[in-house]
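Fold and contact review
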Amino acid sequence: LIYKGTLDDPTAEVFLPAGSDGRNEAIGVNVDNEGRLYIAGGGSGTLYVYDIETKELIARFETGEGGFINDVAISKDGDVYFTDSIRPFIYRVSEDQVEDGGGTPEAIPLTPEVDYQGFPNANGIRITPNGKYVIFADSNDGKLYRMVPAEDPTERKIRKIWGVRGQTDNPDGLELRWHTLYVVNNRDELIVEVRLSGRYLRGRVAGKTTTPEFHTPTTASLARDRLLVANAEF
């Protein structure tokens, strides 16, 4: 199920029913400035794209069986990146592919820099405002990474973000505003606020937030001046 609500009402309504368009899993979601909704399809290996106004499925991208499409982020130039928590790739599709309704996602390898073991691995993902860097979390090793995307996957550069070791042991979803990164630590029921350096390679913990209302929070999204947090209740 995909739900829709407003910031001034505590209730929500069903926006897309379960099973529509063959979509039986919905993990991460995001929207772009063109009124499109992106849904990471988990074990289906699929990224779904909907027109928010009409609720029509306007594009879908398949990565095949054996993976787990977890979260999705959109860059300022319209490229879409999504994580796979089982297979060591971040996938990228262009805005042109979205407008065309499909195509083959580009698989950007994460190894050997990221040590994929067990499940889940790459999870939350965000793009820096300048569009230069992809920030993602690895739930398995508790680390944050900065990737420089490149047209040639062999030219991509992945580096660890230093300064937050031991502070983000169970990172799941991410939210980024300028140089402030909000890291949702699911099993710790904690949100860690990290201030990142100019090149997003170092961080310092600026604050931590928890509440009895957290029940395995997995992701968050900024709306105006509020951080909306989703409880997974695993």
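Further up the page is the structure itself.
Residues numbered from 1 in each chain as written. Predicted model: local features only at pLDDT ≥ 70, side-chain atom pairs only at ≥ 80, totals over all residues. Heavy atoms only, no water.

1. Describing unusual backbone geometry
Rule in force here: Per the convention used, a helix needs a DSSP run of H or I reaching at least four residues, while a strand needs a run of E reaching at least two, with both numbered from the N terminus.
Cis geometry marks the peptide bond from T111 to P112; its omega dihedral reads 10°. On the secondary structure map, P112 appears in the loop between β10 (106–109) and β11 (122–127). In this model, F119 is joined to P120 through a cis peptide bond whose omega is -5°. Looking at the element boundaries, P120 is found in the loop between β10 and β11.

2. Side note on the side chain of R87
Put simply, the rule is: Contacts described as polar in this section are N or O atom pairs within 3.5 Å, which, within protein, must combine one atom able to donate a hydrogen with one able to accept it, while residues neighboring in sequence count only if both atoms come from side chains. Residues count as neighbours in contact if any of their non-hydrogen atoms are within 4.5 Å of one another.
With respect to the helices, strands and loops of the structure, R87 is situated in the loop between β8 (80–84) and β9 (89–93). Only 3.1 Å separates the side chain of R87 from the backbone oxygen of E65, close enough to count as a polar contact. Sequence-distant contacts of R87, defined by excluding residues within four places in its chain, comprise T63, G64, E65, G66, G67, I69 and Y116.

3. Points about the sheet that holds strand β18 (residues 203–209)
The strands making up a sheet associate through hydrogen bonds between their backbones, and the pairing can be parallel or antiparallel. Using the following cut-off: Note on pairing: DSSP must find at least two bridges between two strands before they are called paired. The angle between two axes is taken between their N-to-C directions and runs from 0 to 180 degrees, where each axis is a line fitted to C-alpha atoms and a helix contributes only its stretch in contact.
Taken in spatial order, the four strands make up an open sheet running β15-β16-β17-β18, and their pairing is antiparallel. Single-partner strands in this sheet number two, and they are β15 (171–177) and β18. Averaged over all pairs of adjacent strands, the angle between strand axes in this sheet comes to 25°, irrespective of strand direction. In the sheet, strand β16 (residues 180–185) pairs with strand β17 (residues 190–196) via six bridges, with the strands oriented antiparallel. In the sheet register, T180 faces β17, and the bridge partner there is R195.

4. Comments concerning a nonpolar patch on the surface
Short version of the rule: Patches here: salt-bridge-free residues with over 30% relative accessible area, like charges joined within 9 Å, nonpolar side chains (Val, Leu, Ile, Met, Phe, Trp, Tyr) joined within 5 Å. Values of accessible area rely on a 1.4 Å probe in the Shrake-Rupley scheme; residue burial ignores everything except the protein chains shown. We define a salt bridge as a contact between a side-chain nitrogen of Lys or Arg and a carboxyl oxygen of Asp or Glu at a distance within 4 Å.
The grouping of L1, Y3 and V14 at the surface amounts to a nonpolar patch, some 310 Å² of accessible area in total. Structurally, the position occupied by Y3 is in strand β1 (residues 2–5).

5. A short note on the side chain of D71
Heads up, the condition is: Throughout, exposure labels follow a simple rule: accessible area from a 1.4 Å probe, protein chains only, divided by the maximum for the residue type, with under 20% read as buried, over 50% as exposed, and the rest as partly exposed.
Mapped onto the fold, D71 is located in strand β7 (residues 69–74). Residue D71 is classed as buried on the basis of its relative accessible area of 4%. A polar side-chain atom of D71 sits 3.5 Å from the main-chain amide nitrogen of I125. For D71, the residues in contact, after removing those within four places along its chain, are G28, V29, A40, Y81, F82, T83, N123, G124, I125 and R126.

6. Quick look at the pairing of strand β6 (residues 57–62)
Sheet analysis places strand β5 (residues 46–51) next to β6, joined by five bridges and oriented antiparallel. By the bridge assignment, Y50 is partnered in β6 with L57. Connecting β5 to the antiparallel partner β6 that follows it, the hairpin turn spans five residues, and K55 within it adopts a positive phi of roughly 65°.

7. Quick look at the pairing of β17
Burial within β17 is extensive, with six of its seven residues counted as buried. In this structure, the hairpin formed by β16 and β17 is closed by a connection of four residues, where E189 is found at a positive phi of approximately 50°. Where β17 lies against β18, six bridges are found, and the strand directions are antiparallel. In the sheet register, L196 faces β18, and the bridge partner there is G203. Following β17, the chain reverses through six residues before pairing antiparallel with β18; Y200 in that reversal takes a positive phi of roughly 60°.

8. So, the environment of L57
By the element assignment, L57 lies in strand β6. L57 sits 46 residues away from G103 along the chain, and the two C-alpha atoms are 15 Å apart. For L57, the contacting residues outside a window of four places in its chain are D21, Y48, V49 and Y50.

9. Here we look at the sheet that holds β11
Strand order in this open sheet of four strands is β11-β12-β13-β14, and the pairing throughout is antiparallel. The open sheet terminates on both sides in strands that have one partner only, identified here as β11 and β14 (157–160). For this sheet, the mean angle separating the axes of adjacent strands, direction not counted, is 25°.

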